Amino acid sequence: MKELLEVIAKALVDDPSSVVVNEEDRGSTLVLKLHVAGDDMGKVIGKQGRIAKAIRSVVKAAASKTDKKIIVDIVDD
């Protein structure tokens, strides 16, 4: 899941080298924390959060075969 989120985020931003995804395992939940450059934050979130919602939907759909709940957290540095 981490790799999928990284590929999606790098395709959206102007500075792909600043994209970092941290994985945190909390038992039955997997938290993916997405860090991007401050200038690219709007591109990842989108108008009214539509892009962020779409990213979360794609990652959750890809994780549906696993028994873990996936949380995608977009972190502001």
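Now for a description of the structure that goes with this document. (Residues numbered from 1 in each chain as written. Predicted model: local features only at pLDDT ≥ 70, side-chain atom pairs only at ≥ 80, totals over all residues. Heavy atoms only, no water.)

## A few points about the pattern of salt bridges
What the rule picks out here adds up to six salt bridges. We note a salt bridge from Lys68 to Asp25, for which the minimum N-O separation is 2.7 Å. With Lys68 in the loop between helix 3 (50-62) and strand 3 (69-75) and Asp25 in strand 1 (residues 20-26), this residue pair connects regions lying 43 residues apart in the sequence. For Asp25, a relative accessible area of 52% corresponds to the exposed category. (Salt bridge = Lys/Arg side-chain N within 4 Å of Asp/Glu carboxyl O. Helix = DSSP H or I, 4+ residues; strand = E, 2+ residues; numbered from the N terminus. Buried < 20%, exposed > 50% of the residue type's maximum accessible area, 1.4 Å probe, protein only.)

## Some thoughts on the nonpolar core
The biggest cluster of nonpolar side chains holds 18 residues, and the ones touching the most others in it are Leu5, Leu32, Leu34, Val36, Val44, Val59 and Ile70. Among the elements of the structure, helix 1 (2-12), strand 2 (29-35), helix 2 (41-45), helix 3 and strand 3 are those that each provide at least two residues to this core. Excluding residues within four positions of it along the chain, Leu5 makes contact with Val21, Leu32, Leu34, Ile55, Val59 and Val72. (Core = buried A, V, L, I, M, F, W, Y, C linked by side-chain atoms within 4.5 Å. Contact = heavy atoms within 4.5 Å.)

## Re the environment of Asn22
With respect to the helices, strands and loops of the structure, Asn22 is situated in strand 1. Taking the C-alpha atoms as reference, Asn22 lies 25 Å from Lys47; in sequence the two are 25 residues apart. If near-sequence neighbours (up to four positions away) are discounted, Asn22 is found in contact with Val31, Leu32, Lys33 and His35. A distance of 3.3 Å separates the side chain of Asn22 from the side chain of His35, its partner in a polar contact. (Polar contact = N/O pair within 3.5 Å; in protein donor to acceptor, adjacent residues only side chain to side chain.)

## Concerning helix 3
Side chains that are three or four residues apart share a direction in an α-helix, a result of its 3.6 residues per turn. Here helix 3 spans 18 Å end to end across 13 residues, near enough to the 18 Å set by a 1.5 Å rise per residue. Among the residues making up helix 3, those that are buried are Ala52, Ile55 and Val59. The arc that holds the buried residues of helix 3, viewed along the axis, is 60°, so those residues lie on one side. More than 90 degrees from the buried face of helix 3, the exposed residues found are Arg50, Lys53 and Ala61. Against the buried residues of helix 3 lie helix 1, strand 2, helix 2 and strand 3. (Expected span 1.5 Å × (residues − 1). Arc of directions from axis to C-beta.)

## Describing unusual backbone geometry
At Gln48, a residue that is not glycine, the phi angle is positive and equals roughly 55°. With respect to the element layout, Gln48 can be found in the loop between helix 2 and helix 3. Residue classification places Gln48 among the exposed residues on the basis of a relative accessible area of 73%.

## Quick look at the sheet that holds strand 2
With mixed pairing, three strands are arranged side by side in an open sheet as 1-2-3. The open sheet has two free edges, formed respectively by strand 1 and strand 3, since each of these has just one partner strand. Ignoring strand direction, the axes of neighbouring strands in this sheet form an average angle of 20°. Note: strand 1 against strand 2, seven bridges, orientation antiparallel. Each residue of the ladder has a partner; that of Val21, found in strand 2, is Leu34. (Pairing = 2+ DSSP bridges. Axes fitted to C-alpha atoms, helices over the stretch in contact; angles between N-to-C directions.)

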